[in-house]
Structures are given as C-alpha cells and as structure tokens.
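Chain residues, written in single-letter form:
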Amino acid sequence: MSNYTPLYRKYRPQTLETLVGQEHIKKTLTSAIELGKISHAYLFTGPRGTGKTSTARILAKSLNCKNGPTTSPCGECESCKDIANSIPIDVIEIDAASNRKVEDAQSILEKVQYVPVNGKYKIYIIDEVHMLTNHAFNALLKTLEEPPENVIFILATTEVHKVLDTIKSRCQRFDFRRITTEDIVNHLRFISDKEKINITDDALFAIAKNSAGGMRDSISLLDQLSLLGVTKEITAEDVNAVLGRISFDILFKLTEQVIASNHAGAIELLNNIYNSGNEPLQILTNLSEYFKNLLIVKTCSKDLLIELTGLNEPQIKELLTQKEKLEVQQIVFLIERISYYIKEVKLATNQHLWLEVGMIDLANMSENSTLLDLQNRIKALEGGTVCAQPAPVQVVTRPAPIPPAPKAEEAKPVPTPSPSPAPAPQKVEETFTPPPISKKPDGNDIGSLWQCLLANIKSPSTQALLKLANPVQISADGVIITFKNERLVTQVNDTNKKQLIIDAANAMFNQTTTSVTIRMAQSGDAKVEIKPQPIQQPAPVEQPKPQPKQEEQKPSEDKKETNREETDQEKMVLDLFDGKYVE
C-alpha cells in the first residue's frame, strides 16, 4: 500500500507564522497567547479552505506544547505529535455533521469533566458546528458559558448564520477571509519548487482563480496536475482541460461573432466547442464569466483590472480593444440573457437545443438591443403620463374634393358657401397631435411644468389637494411645493400622497431619483400664476327648464361660483374623506 501523502496535508501550516493570509487573525491570536489571555470558547467562520481547522489545530498545539503556551510549538513533544496525528487524547476533533444529536452533545459534556493527560488544556474542536440540532446546541449552552477549568471549545463553521445567537454571544468570533489570488499563487509556486513540479505562472494563476479564495482546493488541483508535469510543462490550457473550462482565446472568438451578429459563425464555433466535450451548462457559464470580465474592463480603473478579473496582461489588452464595440447596457443585457438560458438548460431535456437557441439569440444582439430600448420606452409610457417629446406632425397634401353639382329635381340641403367656379388643388393639412399633457413643457415656464406634473398624478384627491399648493421649483434636480397651511404640509408628508408626487415627477422627467420637498410657504417664494391648459368642451346641450325646487337651489350654486377659494377647499375635503354635502 502506498504511503503517499496528499499535498494539502503535507503542506498544512503547523504554526501561526506559516498560515497563509488571515493576517488579522494571526496577530490577534499571537497577542492572546503571548499575554496569556486565552478565551474558553472560539468561533472560527469563513469560506471553505481558508484555514479554519488548521488554525484550530495550531492554537491547540500552541497551548498544549510542553514549551507552551507559545506561538512556536516544537512539534516534537508528545502533545504536538498527538495533535498532528489526530490522536484524540487532549485535543478531540468532532464532526458535527455526523454527531449532531443531543445524545452526542451529552456525551461530550460527560467527558468534559476529565482532566487533560499530556497537555495543559482539554480542547474540543467541533467542525461544521452549524449542523448541530437546536437541542444539541441548548445542551452545550451552559458548558460554553461556564466551562470547567482548562477546557476550551473551538467551533468552526462555513455558515455562521445558522449558529444560534446564544452560542455566538459566548464565543470570541474570528472571521476568515478568502485568500487573495496573489497569496495563493505565491504559495503554489513555493510548493511546486519544493516538489519539482514543472508548471507555468499562468497555470498557477488559473488554478488560484478557480479556487475562489480557498487554499485547500488550489493545492488539491495542483496535486492532480502534478502528474502531467513529469513529461512536459503544465500550461493554463492543461488547467482548463482538467477543469472542463473553455480557453480565453476560444471565448474571445465566440464573443466576436456575437458582437458582429454573425449567427452562422457563432453556431459553427459553438458546435466545435460542444464537440470537444464541453457541456452546454459549462459553455454558458464560461461565457457569462467572460462577459462579466468584459463589464469590469469597461467600467473599472485599469489599475484594478488584473486583480478583479484574474486575467493576465495580454488578455486584458484584448478585452480593452473589445470593450469599445459595446456599451455597458449591452453587456449587461447579454449577461442577463445568458443567465436566462442557464436556467432553461438546467431544466431542459434537450440541452443542446437550448444552447443553440441561446447562441442565436445572443448573436441577434443589435436587434435585441433595439427592442430592449423600445420595451423600456413602452414601460415608461405605460407607467404613467410622461411629458415626452410630441410626435412629429404629419402633413398630407392632396387636392380638396370638388362637391358634385346638385340635381334639379333634388331638394337642396342647408345652404353652404358655394365653391369657387374653377376649383384648384389646394393643401389640406391633417395634423395628428398628442393630448396637451403629452406636450413637452417649456423648461422656463413653471406653470406648464406644474400642469404636466398634476396630469401625471393618478389620485384625484391628491390632485385636488395640490390645487391649494404653490410650486416653487419643478426640475429634474428637484421639486419644491409649498402650502400656506401647516396641517396640509404634514398631511402630504405623512401619507402616500408624497410618493404619488414622486412617482409623477419621475415619470415626467424619465428618471427614478427625483427629490420632492413639501414645506410651508416662505416670504421669498415667488407666487406662480397657474394658467390652466384649455380643455375642449363638448357642444352645449339644451337643458330642460328647471323645476321650482331646483330654482330654490340656484342661489347656493351662485354662491359657489362667486367664492372660488371656498369651492376648492370644499372639493379637497370631499375628495380626501369621500364625503358629501348634507342639507
């Protein structure tokens, strides 16, 4: 049987000094050991492969070493060897995923009372502690709060949100961060040189980028690739082949076909990629990541591109040339469409079919972008009355019709002006104009802007209330409306009426960030004269002669017409409270 030790175990850190990354945790634990301020319970949380369990073992070694507590355990004493070989004497490691019941917690509590054998402390390392049941957590609560002397609990988890708050409050919490790509690459280079693995820096970079900040995953992948380094140098292409990833150059060619809306070229390239053994889901995922990197190159500073994308300088240069062919919203649109087809592929029985449909859709980018703009405009118009640019006036030129001469025996209709003896063709303009509220208001005329804003408000009661207001400012930068009555100011600010005004202003200026201020009128505010827009009234219809009872109500109606301000107040109250007149 082979005694081969995997690289991730062989190069597991044995002291705080050799722990890669996590500088904030190394400094804190080093100070705690040197000052002798050791807590009875620790909670290590963070992504997988970032050093939680390794740090727990290092801390246990540092405390139980014969020279300890020390930041540099010897690794030769009996206690250090027991911990390195995972012999459960004074340091007991428990997997909470398989020991999650309350009986398991009670078994731990029974053994807590025993004194340590070789070291100074009895240390329990509970991995994936979030897997414990609530009953098991509750069984540990009292012991975690007041453990026996020389007993330390170290809890490790990747999902700290699942740990009870009562547990977290009794522990010193340490958050492990994802290890930077640079630190992973440097450590992989150190291991490669030690193990004499022939690998390029680009390949190490590809390994680190794929690990998502986890050192253990990176070392495991390097261990797998090391078998290829016996006969040749390991390249980034080898890493992509092992991971089932598509190379950058192929993705670059595929996106060029998409940007050029070349359907045939995109499908041909896609089939070549598919026939090479790449699955549809993997193809779309890699393509989505490519466009994500393109979006970063399009929007971020050049100094951060390599760090944010994980690409090398030649690849960044190619993206810099490609970014000029697309706008930000187009890249976002492509990413959204790829995400949609990823969901469809996951549920489809014929994944290759949906892959081809998705590629044709993506290669139809220019048309889709135009449709997207149209959809956004339609949504904006449907959301409310928008003060948009009026539609162009259509002028149709055609000769005026010549009325036929009436027959002698027929009765003539109502006399009309007789046509000219020799009618000549003349221009008749047929204009199609939008409603008055759709006309683009004059930016300097606050009165027309006010009328447009009122037209966009959907609530009749809010419209009636605002007739008592005075607009001070109406622009895309902000809207200021004043009242002479403090109660009305409070009522608008404390109800949903202000949100209706905000929605109307946003629709009016085609944005989502318009600020609206409702306040009391001030002495410096200019009084705006509002000229209501003319409304075409229907032709008057002759009404029947009113009855005597109706005649008696006429003075009251005349009174309403003579007191315009009172009528507005009464209407506002009626609209606000859904009231009616009571005789």
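A brief report on the enclosed structure follows. Per-chain numbering applies: the sequence of each chain, read as written, is numbered from 1 onward. In keeping with the model being predicted, local features are shown solely for residues with a pLDDT of at least 70 and side-chain atom pairs are shown and tallied solely at 80 or more, while totals for entire chains, interfaces and linings include all residues. With hydrogens and water stripped out, all remaining heavy atoms of the structure feed into the side-chain values.

## Some points on the nonpolar core
Phase 1: Take the buried Ala, Val, Leu, Ile, Met, Phe, Trp, Tyr and Cys residues and link them wherever side-chain atoms come within 4.5 Å; each set so joined is a nonpolar core. Think of it in three bands: with a 1.4 Å probe and only protein chains considered, a residue is buried below 20% of the maximum accessible area for its type, exposed above 50%, and partly exposed in between. Judged by nonpolar contacts, the single largest core of 36 residues is most densely connected at L287, F291, L326 and M359.
Phase 2: Secondary structure is summarised from DSSP: a helix means a run of H or I of at least four residues, a strand means a run of E of at least two, and numbering begins at the N terminus for each. Every element with two or more residues in this core is listed here: α12 (248–259), α13 (263–275), α14 (280–299), α16 (313–322), α17 (328–347) and α18 (351–363).
Phase 3: For this core, the leading source of residues is α14, giving eight residues.
Phase 4: We call two residues in contact when some of their heavy atoms are within 4.5 Å. Dropping the residues within four chain positions of it, L326 is found in contact with I259, F291, L294, K298, I331, L334 and M365.
Phase 5: Residues I126, V129, L140 and L144 belong to the second largest nonpolar core, which totals 25 residues.

## Some remarks on the packing of α12 against α14
Phase 1: Note on geometry: axes are lines fitted to C-alpha atoms, helical ones only across the stretch in contact, with angles between N-to-C directions running from 0 to 180 degrees. Put simply, α12 and α14 touch, their axes get as near as 10 Å, and they point 80° apart. The angle between α12 and α14 falls in the class roughly perpendicular. Along its contact with α12, which presents F248, L251, F252, L254 and T255, the element α14 presents N286, L287, Y290 and F291.
Phase 2: For this scheme, ten residues count as nonpolar: Ala, Val, Leu, Ile, Met, Phe, Trp, Tyr, Cys and Pro. Four count as charged, namely Asp, Glu, Lys and Arg, and the remainder, Gly too, count as polar. Of the residues contributing to the contact of α12 with α14, the split by class is seven nonpolar, two polar and no charged. Angles below 35 degrees are treated as roughly parallel, those above 145 as roughly antiparallel, those between 65 and 115 as roughly perpendicular, and all remaining angles as oblique.

## Description of the sheet that holds strand β4 (residues 151–157)
Phase 1: Pairing is parallel across the open sheet formed by five strands, whose spatial order is β2-β3-β4-β1-β5. Of all strands in the sheet, those with a lone pairing partner are β2 (91–95) and β5 (172–175), marking the two edges. Each strand of the sheet is rotated relative to its neighbour by a mean of 15°, with strand direction disregarded.
Phase 2: Should DSSP find at least two bridges between two strands, the strands are regarded as paired. As judged from the five bridges shared by strand β1 (residues 41–45) and β4, these two strands associate in the parallel manner. Within the sheet, the bridge partner assigned to T45 lies in β4 and is T157.

## Let's talk about the packing of helix α8 (residues 181–195) against helix α9 (residues 201–210)
When two helices pack together, their arrangement is given by the angle between the helix axes and by the axis-to-axis distance.
Phase 1: It is at 9 Å that the axes of α8 and α9 come closest, and there the two elements cross at 125°. If you check the angle between α8 and α9, you find them oblique. Considering the relative orientation of α8 and α9, their crossing is right-handed. Residue-level inspection shows T181, I184, V185, L188, R189 and S192 of α8 in contact with α9, the latter providing D201, L204, F205, I207 and A208.
Phase 2: Looking at the contact of α8 with α9 residue by residue, the class counts come to seven nonpolar, two polar and two charged. Put simply, a crossing is left-handed when the front helix is turned counterclockwise from the back one by less than a right angle, and right-handed when it is turned clockwise.

## Focus: the sheet that holds strand β7 (residues 478–483)
Phase 1: Here we have three strands laid out as an open sheet, ordered β6-β7-β8, and mixed in their pairing. Only two strands of the sheet have a single partner each, and these edge strands are β6 (470–475) and β8 (516–520). Mean inter-strand twist for the sheet, computed between neighbouring axes without regard to direction, equals 10°.
Phase 2: Here β7 runs beside β8; their pairing, made up of five bridges, is parallel. Paired with F483 across the bridge in β8 is M520.
Phase 3: Strand contacts of helix α20 (residues 446–456): β6 and β7, with the helix running at about 90° to β6, the strand carrying the most contacts.
Phase 4: Each of β7 and β8 is contacted by helix α22 (residues 486–493), which is oriented at about 155° to β8, the strand it contacts most.

## Some words on helix α2 (residues 23–35)
Phase 1: One less than the residue count of a helix, multiplied by 1.5 Å, gives the span that helix is expected to have. Between the first and last C-alpha of α2 there are 18 Å, a value that for 13 residues agrees with the 18 Å anticipated at 1.5 Å per step.
Phase 2: Within the span of α2, buried status applies to I25, K26, L29, A32 and I33. Buried residues of α2, viewed axially, fall in a sector of 135°; they line one side. Away from its buried face by more than 90 degrees, α2 exposes K27, E34 and L35.
Phase 3: Next to the buried residues of α2 lie β1, α3 (52–64) and β5.
Phase 4: Taken from the residues just after α2, G36 is the one with a positive phi, measuring 75°. Relevant arc is that of directions from the helix axis to the C-beta atoms, nothing else.

## Considering the packing of aromatic side chains
Phase 1: Classification of ring pairs uses Phe, Tyr and Trp, with its six-membered ring standing for Trp, and accepts pairs whose centres are within 6.5 Å; under 30 degrees between planes counts as stacked, over 60 as edge-to-face, and the remaining range as tilted. Going through the model one piece at a time under the given rule, you end up with 11 aromatic pairs.
Phase 2: Ring centres of F44 and F174 lie 5.7 Å apart, and the angle between their planes is 85°; this geometry places the pair in the edge-to-face category. Within this pair, whereas F44 is found in strand β1, its partner F174 is found in strand β5, the two being separated by 130 residues in sequence.
Phase 3: Residue classification places F44 among the buried positions, given a relative accessible area of 0%.
Phase 4: With a relative accessible area of 7%, F174 lands in the buried category.
Phase 5: Cluster of aromatic residues (ring-pair linked, three or more members): Y42, F44, F174 and F176.

## Points about the pattern of salt bridges
Phase 1: Should a side-chain nitrogen of Lys or Arg be within 4 Å of a carboxyl oxygen of Asp or Glu, the pair is scored as a salt bridge. With the rule as written, the count across this model stands at 12 salt bridges.
Phase 2: In this structure, E159 engages K162 in a salt bridge whose closest nitrogen and oxygen atoms are separated by 2.8 Å.
Phase 3: With a closest N to O distance of 2.8 Å, D201 and R189 form a salt bridge. Here D201 is found in helix α9, whereas its partner R189 is found in helix α8, with 12 residues between them in sequence.
Phase 4: Relative accessible area serves as the criterion here: at 23%, R189 is assigned to the partly exposed category.
Phase 5: Each of R189, D193 and D201 takes part in one network of salt bridges that share partners.

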